[in-house]
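# Coordinate analysis (summary)
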There are 2 protein chains.
Amino acid sequence: MTRRQITGFSNPTVKALRALREKKHRKAAGKFLAEGLRLLTDARESGHLPEVLVMAEGRDPHPLLAALEADVLSAGGEVIETSAEILGKITGKDNPQAVCGVFAEFDTSLAALDRSRAKIWLVAQALRDPGNLGTMLRTGDAVGAGGLILLDDCADPFSAEAVRASMGAVFTQAIALARWDEFLPWLRSGDRQLVAASLRDAVPYRGAPYAAPCFIMVGNESRGLPEEYEAACDLRVTMPMKGRADSLNAAVAGAVLAYEVLDALGG
Amino acid sequence: MTRRQITGFSNPTVKALRALREKKHRKAAGKFLAEGLRLLTDARESGHLPEVLVMAEGRDPHPLLAALEADVLSAGGEVIETSAEILGKITGKDNPQAVCGVFAEFDTSLAALDRSRAKIWLVAQALRDPGNLGTMLRTGDAVGAGGLILLDDCADPFSAEAVRASMGAVFTQAIALARWDEFLPWLRSGDRQLVAASLRDAVPYRGAPYAAPCFIMVGNESRGLPEEYEAACDLRVTMPMKGRADSLNAAVAGAVLAYEVLDALGG
């Protein structure tokens, strides 16, 4: 167990932590940042402790923070105390929370998913907005989904914005990254129903014949799903669109479908 | 009808347009910016023409853009041609779309709302994220809502981010801004059912006794709704929360409820 104090902005540890705000450095290090006591407590209660815990000097004492600190130290992690200014430099915020943690990225291979573990799985294709991505993780947690499968070129689920928008669900939902041509054979190698909202050859989403494990797929924010992906679905559903628009926000569409499926499958 | 060319970055019109990216200047001018041919075409088809249309030189010709230009000119508006660089300076984007428009802000008084016009109305309290706000407008359009009522200190619905996230619904949904102590007497002066998701004294959201006009209220992203606001609801509903979290993203919660209400009211 180690504990140390950092006082200099140019300290190499500060630089390394700060670099985790950029995707290429996250991937190189295999680590990501999560900020705030609530998020870190969610992580701890989900069985994830940070490798490094960074705390601001002069913070208010809090029993959950003390518990977190003790757990990190007894697990062999490192605790760093530093100024609020340096913590702000690490997280890139003018008003940083009093604590942040560095976590090892999780296994994001399809092979690590156990589809029998949940009735609902969310799938996103080329989702570019990290806020949408985090929101889908949060929705997945709420409906008891097993996890989120990210197809093709999605935003990074370990970015600060996605982690924040997930409200801790990044620690409870499995996350897999895959290309379509890896995903489809994996999907079809076991029980599944692949479902998407579609305008063609579709049935109303209310009362549709959903079946577990149900994989609910949403497409890119601008372009929606490629035709080929829609065609590969086991079930295509339509949602009422009463106005001018022909689509919903991707995270919203996924959530409305997920709550419908949850009810249909006896949620 | 006027048409002119602007070549200088320091042109006062460029400065005035650029200033519309800031809320205080939008409020002072009573105007806002919308960017991109798709959004401007949605606006036009909803009966809203920009007072000023700014187009990049060297843009690709497009019949919808030509139609827009003709309509703006014949309505007495102004058309400005400028470089892509200056357009980027106005919109604050490195890769601006080829066109943007300046619109007069709409009447946002409660008095302007006609509640008999729609079965569903969305209400947001202290919603801080312009993306969430725009997403709620978009959802409102999709479920055939009448509009969005913004209580207390919300993000500005006329910010570039909210306008963009609304996908044109800022032009189809009525928008009202009100304090709670103005809203409640207005609400109770006519038919209404005020509904919110709540953990206390609530019935399951599926099959709840929804009634039109149904006002679906969501709270602030961090704090949710104040107790007093929940207590004032005519109907409190619970949504399943199967995971660690006890809440959904505000725009997601509003959408799941809105689709449920749409179905219940014979959508």
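Residues numbered from 1 in each chain as written. Chains lettered and ligands numbered in written order. Predicted model: local features only at pLDDT ≥ 70, side-chain atom pairs only at ≥ 80, totals over all residues.

### Digging into the overall build of chain A
Convention followed: We count a stretch as a helix when DSSP gives it H or I for four or more residues in a row; a strand needs E for two or more, and each element gets its number in order from the N terminus. Our radius of gyration is a C-alpha quantity, and the globule rule it is checked against amounts to 2.2 Å times the number of residues to the power 0.38. Using C-beta atoms placed from the backbone, we call a residue buried if 20 or more other C-beta atoms fall within 10 Å of its own, exposed if 12 or fewer do, and partly exposed for counts in between. Two residues form a contact once the distance between their C-beta atoms, set from the backbone, is within 7 Å.
For chain A, the count of helices and strands is ten helices and twelve strands. Relative to its length of 267 residues, chain A is compact, with a C-alpha radius of gyration of 20 Å against a globular reference of 18 Å. Across its three principal axes, chain A shows a C-alpha extent of roughly 65 × 35 × 30 Å. Burial status across chain A gives 45% buried among its 267 residues. When contacts within chain A are restricted to residue pairs at least 6 apart in sequence, those whose partners lie at least 24 apart make up 81%.

### Details of the interface of chain A and chain B
Stated precisely, the cut-off is as follows: Any residue outside Ala, Val, Leu, Ile, Met, Phe, Trp, Tyr, Cys, Pro, Asp, Glu, Lys and Arg is labelled polar, Gly included; the first ten of those are nonpolar and the last four are charged.
Taken together, the 31 residues of chain A in the interface contact 31 residues of chain B. Elements represented by at least two residues in the side of chain A that touches chain B include exactly α6 (130–143) and α10 (250–264) of chain A. In terms of residue class, the side of chain A that touches chain B is built from 14 nonpolar, ten polar and seven charged.

### Some words on the relation of the copies chain A and chain B
The line we're drawing: Copy-to-copy superposition: least squares on the C-alpha atoms, limited to residues that have pLDDT of at least 70 in both copies.
For the pair chain A and chain B, the superposition axis carries a translation of 0.0 Å, the fit reaches an RMSD of 0.0 Å, and the rotation angle comes to 180°. Such a combination of turn and shift is consistent with a two-fold rotation axis. Comparing interface residues between copies, 100% of those in chain A also lie at the interface in chain B; the contact surface is shared.

### Quick notes on the domain arrangement of chain A
All names here are of chain A. For clarity, the threshold we go by: What fixes the domain bounds is an automatic or database domain assignment.
In terms of domains, chain A is made up of domain 1 (2–104) and domain 2 (110–264). At the junction of the two partners, domain 1 supplies twelve residues and domain 2 supplies eight residues. At the level of elements, α2 (23–29), β2 (31–35) and α3 (37–45) are the ones that each hand at least two residues to the side of domain 1 that touches domain 2. Here the side of domain 1 that touches domain 2 gets four residues from one element, more than from any other, and that element is β2. Among the residues making up the side of domain 1 that touches domain 2, the classes are represented as five nonpolar, two polar and five charged.

### Notes on the sheet that holds strand β3 (residues 52–56) of chain A
All names here are of chain A. Heads up, the rule is: We call two strands paired when DSSP finds no fewer than two bridges between them. Axis definition: a line fitted to C-alpha atoms, over the contacting stretch in the case of helices. Angles run 0 to 180 degrees between N-to-C directions.
One open sheet holds the five strands; their spatial order is β1-β4-β3-β5-β2, and the pairing between them is mixed. Edge strands, defined here as strands with exactly one partner in the open sheet, are β1 (2–6) and β2. In this sheet, adjacent strand axes meet at a mean angle of 20° when their direction is disregarded. As judged from the five bridges shared by β2 and strand β5 (residues 99–104), these two strands associate in the antiparallel manner. The residue of β5 that forms the bridge with K31 is A104.

### Section: the nonpolar core
Counted only if it meets this: The term nonpolar core means buried Ala, Val, Leu, Ile, Met, Phe, Trp, Tyr and Cys residues held together as one set by C-beta atoms within 7 Å.
Of all hydrophobic cores here, the largest spans 169 residues; its most connected members are A124(A), I216(A), A258(A), A124(B), I216(B) and A258(B). Those residues in contact with I216(A) that lie beyond four places of it in its chain are I120(A), L122(A), V123(A), V195(A), G254(A), L257(A), A258(A) and V261(A).

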